[in-house]
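# Analysis of the macromolecular model
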Amino acid sequence: MLLEALRLFQTRGDPTEIVALLAERDEYRRSAPQRDVRREEPSEEARLDLGALFHGRPVELNGALCRLGPTSESEQMLTLSIRPARITRDDDGLRQVSLFDEDGDSADVGGGEAFDRLALVTTVGKERRSVIDLDLPFTRRRIARPRIGEAERRPPFIAARGADNAIVASWWDALALTDGEERVIECLKLISDVERVALVEGASLRARTPIVKFKGTTLPEPMRSLGDGFGRLFCVALALENARASKMLLIDELDNGIHYSVLPDLWRFITRAATATDVQVFATTHSWDCVEAFQAATLENSEADGVLMKLARRRAEDPVSAVVFDEAELATATKQGIELR
Amino acid sequence: MSGPNELLVEGSDDLHVIRNLLLVVGHRLEERDHKVIDKQGVENLLDAIPVMLKDVERRVLAVVLDADEDVSARWQAVCARVRRAIPDAVLPLTPDPAGTVVFLPDGRRFGAWLMPDNQLGGMLEDFLKLLVPSTDLLFEHADTFVGGIPVGARLFGAKEAKAKLHAWLAVQADPGRPLGVAVTARVLDPSRPSAAAFVEWLRRAWLAPAEG
């Protein structure tokens, strides 16, 4: 949830990112066919389940679904809220979503009409950034390409299960014949004698899959046959190279599929690459081995600033809050074997 | 998940004395509920305080450390470490003579005992000297022996209390018992008031279940 909050904040609540985020988690609800004649698109198609965006948070009309940002700078604060809305046509007859004001009266819309749908409204400070019609049926095609200027804000994100082949392929293509490609290979050499990597069409025509050629062999092997750790390392290295524009990389459960003995080298690579490219890396883990490897790598690298943020509840009934351990405190914890529970 | 109530001590002598003192008053420690951790030195112990207190799932933390020469300076060092983790923690200006127990703003408990008695400078052995039986006739000899060693030959440096206590243990019925064993063997008397005060603090600060 932390990484998702960062994604939303970093993209200033870009609708494309919200849709992508929910779609990645398969958060749809199937609504019954609507008989209401006022509805334009009665449908049994799946719709995004917005209530799933932040689990455990009540979805209230006109209330803030979430606020993300520095509490001291209100103009930076990103707010997501649900507002009553209806579809209207503008002067050119184009369909648009119009909002009602907080009393449920028509504000933007002509008087006397009732709202018939809900919209997700994102604002940054006081400025309204986007309005998403939540009753619009969801299809894959709705994950539109982000608008110009927004694409570079989107931080590469690696989910706990890895990134989709299509995304990996797009990251790889972005590096074609650049130094970045070589740095990715260097990273893979941490765990084996890799010579070259290519992406080829496999069984699925939808996305290409990576193959690897090792030193001293004649035939390449599919990366997938080399174990989860190999694919994850490839993914991390590619994502880091592709994070140069957004200056941010998000990795969920970094150590997933990675043998604990590789973690120190992996973190060494990440801290080195992140400082060289000026990328801020947010990685989550439940593994203390991973935290120790992180600590050792940041200690070795004087240019890297590393902190551990622990998310915890003081008591079962309390909300989750973050506690920050700086490098010195983290060093004490690992040196003295103080496990941060 | 909240783990055992933890008690940090400076060294293994402290650990064994505390464990055995509780044993002779009828309290056998269960590691899953109460854990004594030897931090191997005062610096490590002080460094551990803010790190452990920041971890909000630790509901109870207690520390036992030597006051050494300056009880006030050591107390300030402890307070500074607590405030590093919990800036709004309310701590007394001087340690409570009965042993300090404070509740942090979020209801967690922190306890501190400065050896020997939260008021004087000194160390674990100064505290143990207070447990010498009232009928004892030998401590005076150990005191005279160690006290009579010329300055140039004092290899024990500032650890005079430690030298005296071990010199005293060296002339018991079973000479040279370690400190912890001396407690269980009742060479040191756990019924002395100083022992009772310390045990009472252990109960309040560390043994009592976490609140809330």
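For the structure itself, look to the data block above.
First, a word on what this report is: a plain description of the structure on this page. (Residues numbered from 1 in each chain as written. Chains lettered and ligands numbered in written order. Predicted model: local features only at pLDDT ≥ 70, side-chain atom pairs only at ≥ 80, totals over all residues. Heavy atoms only, no water.)

We now examine the packing of aromatic side chains. Under the counting rule described, the total for this entry stands at eight aromatic pairs over all chains. Ring plane angle 45 degrees and centroid distance 5.7 Å describe the contact between W172(A) and F234(A), whose orientation is recorded as tilted. Here W172(A) is found in helix α3 (residues 165-174), whereas its partner F234(A) is found in helix α5 (residues 228-241), with 62 residues between them in sequence. Each member of the pair, W172(A) together with F234(A), is buried. With centroids separated by 4.9 Å and ring planes inclined at 65 degrees, the aromatic side chains of W113(B) and F198(B) adopt a geometry described as edge-to-face. Separated by 85 residues along the polypeptide, W113(B) in strand β5 (residues 109-115) and F198(B) in helix α8 (residues 193-207) bring together distant segments of the chain. By relative accessible area, W113(B) is classed as buried at 2%. Within the aromatic cluster, the residues linked to one another by ring pairs are W113(B), F127(B), F198(B) and W201(B). The cationic tip of R12(A) hangs over the ring face of F9(A); the distance from NZ or CZ to the ring centre is 5.5 Å. Here K54(B) stacks its cationic end above the ring of F325(A), 5.7 Å away from the centre of that ring. (Phe/Tyr/Trp six-rings, centres within 6.5 Å; stacked < 30°, edge-to-face > 60°. Helix = DSSP H or I, 4+ residues; strand = E, 2+ residues; numbered from the N terminus. Buried < 20%, exposed > 50% of the residue type's maximum accessible area, 1.4 Å probe, protein only. Lys NZ or Arg CZ within 6 Å of the ring centre and 35° of its normal.)

Right, let's talk about the packing of α3(A) against α5(A) for a bit. All names here are of chain A. Interhelical geometry of α3 versus α5 gives an angle of 50 degrees and a closest axis separation of 9 Å. Considering the angle they form, α3 stands oblique to α5. Two packed elements cross with a definite hand, and for α3 against α5 that hand is left-handed. Along the contact surface, α3 presents V168, W171 and W172, while α5 presents F234, C235, L238 and A239. Here the contact of α3 with α5 is built from residues that sort into seven nonpolar, no polar and no charged. (Axes fitted to C-alpha atoms, helices over the stretch in contact; angles between N-to-C directions. Parallel < 35°, antiparallel > 145°, perpendicular 65-115°, else oblique. Left-handed = near helix turned anticlockwise from the far one by under 90°. Contact = heavy atoms within 4.5 Å. Nonpolar A, V, L, I, M, F, W, Y, C, P; charged D, E, K, R; others polar.)

This part is about the interface of chain B and chain A. Interfaces are often sized by the accessible area lost when the parts come together. Contact with chain B, which involves 21 residues of that partner, is made by 17 residues of chain A. Considering only the surface of chain B that becomes buried against chain A, V51(B), K54(B) and V56(B) emerge as the three largest contributors, covering 34% of it. The interface formed by chain B and chain A includes three salt bridges. A salt bridge links D55(B) to K310(A), with the nearest nitrogen and oxygen atoms 2.5 Å apart. Linking chain B to chain A there are seven residue pairs in polar contact (both at pLDDT 80 or more). At six residues, the largest contribution of residues to the side of chain B that touches chain A is made by helix α2 (residues 42-54) of chain B. (Buried area = accessible area lost by both parts, 1.4 Å probe. Salt bridge = Lys/Arg side-chain N within 4 Å of Asp/Glu carboxyl O. Polar contact = N/O pair within 3.5 Å; in protein donor to acceptor, adjacent residues only side chain to side chain.)

So, on to the pairing of strand β2 (residues 34-38) of chain B. All names here are of chain B. Judged from the five bridges that link them, strand β1 (residues 5-9) and β2 form a sheet pairing that is parallel. Each residue of the ladder has a partner; that of L7, found in β2, is V36. For the crossover from β1 across helix α1 (residues 12-24) to β2, the handedness is right-handed. (Pairing = 2+ DSSP bridges. Right-handed = clockwise from strand over helix to strand, strands pointing away.)

In the segment running from M115(B) into P116(B), the intervening peptide bond is cis, with an omega of 10 degrees. With respect to the helices and strands, the residue P116(B) is situated in the loop between β5 and α4 (124-129). Although it is not a glycine, D278(A) adopts a positive phi angle of roughly 60 degrees. When you line up the elements, D278(A) lands in the loop between α6 (263-277) and β13 (280-283). Given a relative accessible area of 53%, D278(A) falls into the exposed group. Of note, the phi angle at N118(B) is positive, near 70 degrees, even though the residue is not glycine. Mapped onto the elements, N118(B) comes out in the loop between β5 and α4.

To continue, consider the sheet that holds strand β8 (residues 157-158) of chain A. Residue and element names in this part refer to chain A. Taken together, three strands build an open sheet; the order of strands is β8-β12-β13 and the sheet is parallel. The sheet is open, and its two edges are formed by β8 and β13, each paired on a single side. The pairing of β8 with strand β12 (residues 248-251) spans two bridges and is classified as parallel. Its bridge partner lying in β12, F157 is registered against L250. Packed onto the sheet, helix α1 (residues 2-10) meets β8, β12 and β13 and runs at close to 155 degrees relative to β12.

So yeah, pure geometry; function would need other evidence.
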